[in-house]
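Summary of the model geometry
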Amino acid sequence: MDLRIFTEPQQGASYETLLSVAKAAEELGFDAFFRSDHYLRMGSADGLPGPTDAWITLAGLARETKRIRLGTLMTAGTFRLPGVLAIQVAQVDQMSGGRVELGLGAGWFEEEHRAYGIPFPKEKFARLEEQLEIITGLWATEVGATYSYEGTHYQLKDSPALPKPAQDRVPVLIGGHGATRTPRLAARYADEFNLPFASLEDTERQFGRVRAAAEQASRSPDDLVYSNALVVCVGKDDAEVARRAAAIGREVDELKANGLAGSPAEVVDKIGRYAATGSSRIYLQVLDLDDLEHLELISSQVRSQLS
C-alpha cells in the first residue's frame, strides 16, 4: 500500500508551507506529494495568504525535492487549454527528472471561476475527454512529426508537439463517482483511477464499474492502479486525536466514519479494509499543514506497518 500526502492549499498555505510539507513527506518515506487545484477557499477557512497555482507550486517543488513523486488531485480542466497544459506538465516533468503525475478533472467549483474571471462552460465532460485526447496525443507524437486534432471544443493544426516529458509516459489519473462516463474515460485514458472521500461500499462498487469498463474497452482491468483519497487524523491517544480533529474543525466520530481517524492501529485496520476492495494507494488528505508531527506519527506508526 502506497501512502501519499495530499494537500488543499486553497484553504490557506504559502509556497513555503507547502515546501516544508513536501520535504517532510520525502524525508519520512511517503511515496508522493499531491495538491488540489483550486483558487478559492471553501467553508470557513480564511484562505490566507491567498491561492497558489498548482503547476507553479509543483515546478518549484520539482527543483527542491529529489525522490518524491509530484502531482495534482485534480487539475481543473476549466483552468487551462490542453495544449498549454501539455507543455506545462512536460516541462515540470523534465524539471523533476521524471517524477510528475497528472490528475485531470472537468472542474466543478463555479464560485472560484466567477471570483477570478475564468469561463465556466456548461458542458465540461466533453471538453475533458477532448483534453485527454489532445494531451496524451501531443506527448505520444514522435519528435519531428506533427499533431493535429479537430474536435468540437478544441482544434490543433500541425503542432510540433513539444516539449516531451522526461518519462516515456506521464501517469494520468482520472477519478470521480460518476457511474457511466467516468469509468469509460478512465478505461480509455487513465493509468490510475482515484475515488475521493468514498465509503468502502461505494469504493467496491465504483472500482467494479471501472474494471468492467476496462474489459469492455479490451483492456486488462489490472492495467490500472486503483486508489482512494481520504482525510486523515491520527493520534497516539484519544486526546491527541481530539486535538487534531478540533484543529481542522471536524468531529472525531465523523472523521472515523468518513476518513482515516483514530489510533495508528485503527487507521491501519481501516486501510486494510480499503485494500480488500482493490485499493493499492491512499492519498492522505492532510488539512493542518503546520502539524508536521502528524506526518511523523503516520510515517512511524502507520506507513511502517504497510510498507
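This text goes with the structure placed above it.
One structure accompanies this document, and this report is about it. (Residues numbered from 1 in each chain as written. Predicted model: local features only at pLDDT ≥ 70, side-chain atom pairs only at ≥ 80, totals over all residues. Heavy atoms only, no water.)

**Quick notes on the pairing of strand S1 (residues 2–7)**
Successive residues of a regular strand alternate their side chains across the two faces of the sheet. Put simply, the rule reads: Between buried and exposed lies partly exposed: a residue is buried under 20% and exposed over 50% of the maximum accessible area for its type, with that area taken using a 1.4 Å probe on protein chains only. Segments assigned H or I by DSSP are reported as helices when at least four residues long, segments assigned E as strands when at least two residues long, and all are numbered from the N terminus. In this description, strands pair whenever DSSP reports at least two bridges between them. Assignment of crossover handedness uses the view with strands pointing away from the viewer, where a clockwise path from the first strand over the helix to the second indicates a right-handed crossover.
In terms of burial, S1 is a largely internal element, 5 of the 6 residues being buried. Judged from the 4 bridges that link them, S1 and strand S2 (residues 32–35) form a sheet pairing that is parallel. What sits directly across from Thr7, in S2, is Arg35. At this point the chain moves from S1, through helix H1 (residues 15–27), to the parallel S2, and the crossover so formed is right-handed.

**Description of the packing of aromatic side chains**
Formally: Between rings of Phe, Tyr and Trp, where Trp is taken as its six-membered ring, a pair exists when centres lie within 6.5 Å; planes separated by under 30 degrees are stacked, by over 60 edge-to-face, and by other angles tilted.
Summed over the entire model, instances satisfying the criterion amount to 6 aromatic pairs. Where Phe193 meets Phe207, the ring centres are 6.3 Å apart and the plane angle is 80 degrees; that geometry is what we call edge-to-face. Taken together, the positions of Phe193 in strand S9 (residues 192–196) and Phe207 in helix H7 (residues 200–216) put the pair 14 residues apart, joining distant regions of the chain. Summarising the burial analysis for this pair, Phe193 and Phe207 share the class buried. Considering the side-chain rings of Phe207 and Tyr226, the 5.2 Å spacing of their centres and the 55 degrees angle between planes classify their relative orientation as tilted. Placement of the pair is Phe207 in helix H7 and Tyr226 in strand S10 (residues 225–234), with a sequence separation of 19 residues. Tyr226 gets classed as buried once you look at its relative accessible area, which sits at 5%.

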